[in-house]
Amino acid sequence: MVAIRIEFDDDEQYERLKQLKKHRGLTWKGLLLEGEKKVREDTPE
């Protein structure tokens, strides 16, 4: 298993992402994977 440490720019950014994670019922890993999926959808090959 690989562990990753994420540093946020400020408390507001952290709280915003934490609330999104909670609202969607995701873990931090799940939020990251959802973000990856969205970037791949929005980026032409």
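The structure reproduced in this document is the subject of the present report. On a predicted model such as this, the values are computed, not experimentally measured, just so you know.

Moving on to the side chain of lysine 21. One can find lysine 21 in helix H1 (residues 11–24). Beyond its immediate stretch of four places on either side in the chain, lysine 21 contacts Leu26, Thr27, Trp28 and Leu31.

Take H1 next. Taking 1.5 Å as the rise per residue, H1 with 14 residues should run 20 Å; its terminal C-alpha atoms sit 20 Å apart, in good agreement. Among the residues trailing H1, glycine 25 stands out with phi positive, at a value near 70 degrees.

Here we come to the pattern of salt bridges. The tally for this structure, following the rule as stated, stands at 5 salt bridges. For glutamate 7, the salt bridge goes to arginine 5, with nearest N and O atoms at 3.8 Å. As far as burial versus exposure is concerned, glutamate 7 and arginine 5 are alike and both exposed. Here lysine 38 makes a salt bridge to aspartate 42, at a shortest N to O gap of 3.3 Å. Within this pair, lysine 38 and its partner aspartate 42 are both found in helix H2 (residues 28–42), separated by 4 residues, close to a single helical turn.

Here the focus is the packing of H1 against H2. Direction vectors running N to C along H1 and H2 enclose 95 degrees, while the axes themselves pass 10 Å from each other. It follows from the interaxial angle that H1 and H2 lie roughly perpendicular. The residues of H2 that touch H1, namely those facing Tyr14, Leu17, Lys18, Leu20, Lys21 and Arg24, are Trp28, Leu31 and Glu34. Of the residues assigned to the contact of H1 with H2, the class counts are 5 nonpolar, no polar and 4 charged.

What counts as what
- Residues numbered from 1 in each chain as written.
- Predicted model: local features only at pLDDT ≥ 70, side-chain atom pairs only at ≥ 80, totals over all residues.
- Heavy atoms only, no water.
- Helix = DSSP H or I, 4+ residues; strand = E, 2+ residues; numbered from the N terminus.
- Contact = heavy atoms within 4.5 Å.
- Expected span 1.5 Å × (residues − 1).
- Salt bridge = Lys/Arg side-chain N within 4 Å of Asp/Glu carboxyl O.
- Buried < 20%, exposed > 50% of the residue type's maximum accessible area, 1.4 Å probe, protein only.
- Axes fitted to C-alpha atoms, helices over the stretch in contact; angles between N-to-C directions.
- Parallel < 35°, antiparallel > 145°, perpendicular 65-115°, else oblique.
- Nonpolar A, V, L, I, M, F, W, Y, C, P; charged D, E, K, R; others polar.

So yeah, pure geometry; function would need other evidence.
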